[in-house]
Amino acid sequence: MKQRVTLTFSPGNVHTPITYRLAKDFNIAANIIRAQVAPNQIGKLVLELSGDMDELEAAIEWMKSCNIDVSLVSQEILINEDSCVDCGLCTGVCPTEALTLDRSTFQLQFLPFRCVVCEQCIPTCPVQAISTSF
Ligand code: SF4
Ligand code: SF4
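Chains are numbered independently. Their residues run from 1 in the order of the written sequence. The order in which chains are written sets their letters, starting at A; the order in which ligands are written sets their numbers, starting at 1. Where totals are concerned, whole chains, interfaces and linings use all residues; where local detail is concerned, this predicted model gives features only for residues with pLDDT of at least 70, and gives and counts side-chain atom pairs only at 80 or more.

Partitioning the protein chain into domains gives domain 1 (2–72) and domain 2 (77–132). If you look at the interface, domain 1 gives 5 residues, while domain 2 gives 4 residues. Elements that contribute at least two residues to the side of domain 1 that touches domain 2 include exactly strand 2 (29–36) and strand 3 (43–50). Grouping the amino acids of the side of domain 1 that touches domain 2 by side-chain chemistry returns 2 nonpolar, no polar and 3 charged. Here the bounds of each domain stem from an automatic or database domain assignment. For every residue pair, C-beta atoms are placed from the backbone, and the pair is scored as a contact if these atoms sit within 7 Å. Elements are defined by DSSP. Helices are runs of H or I of four residues or more, strands are runs of E of two residues or more, and each kind is numbered from the N terminus. Residue polarity is assigned by list, with Asp, Glu, Lys and Arg as charged and Ala, Val, Leu, Ile, Met, Phe, Trp, Tyr, Cys and Pro as nonpolar; anything else, Gly included, falls into the polar class.

Rendered as structure tokens:
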């Protein structure tokens, strides 16, 4: 089973070796989608967790017990086709090729099943055509 989560660390727990503990204690593989963690500052990690369902639940409870704020990623990326000018800038930062330009039409193509909601595309769009569902 896979679950995307956003973790928010306080300055007091930003050094928690989270991916190591997830692998060692819960047999969970953690793929880092996005990281903004600096020593002694609030940090954020977007992870894709893969593992047994019971272990995933136990791991999420363990992270919460470490005072890490855990939110399950369920939002989606939305593309406003009326605003999009097919410039392709967003395709350059998309790590999963969820955003590509069609080679024949030069129009933006979005494949939601590839999107991991890392949100890296949002600030690249010059016309603010990309948003999240909440
Ligand atoms: S949020 Fe944007 S950049 Fe990230 S995977 Fe989805 S489409 Fe690509
Ligand atoms: S950056 Fe914005 S305008 Fe350009 S292709 Fe992507 S969504 Fe469309």
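Around ligand 2, 14 residues are found, and the nearest of them are Cys 84, Cys 87, Leu 89, Cys 90 and Cys 125. Here the residues of the shell around ligand 2 sort into 11 nonpolar, 2 polar and 1 charged. The rule is simple: place the C-beta atom from the backbone, and if it lies within 6 Å of a molecule or strand, the residue is near it.

Contacts to ligand 1 come from 14 residues, most closely from Cys 94, Ala 98, Cys 115, Cys 118 and Cys 121. Grouping the constituent residues of the shell around ligand 1 by class yields 11 nonpolar, 2 polar and 1 charged.

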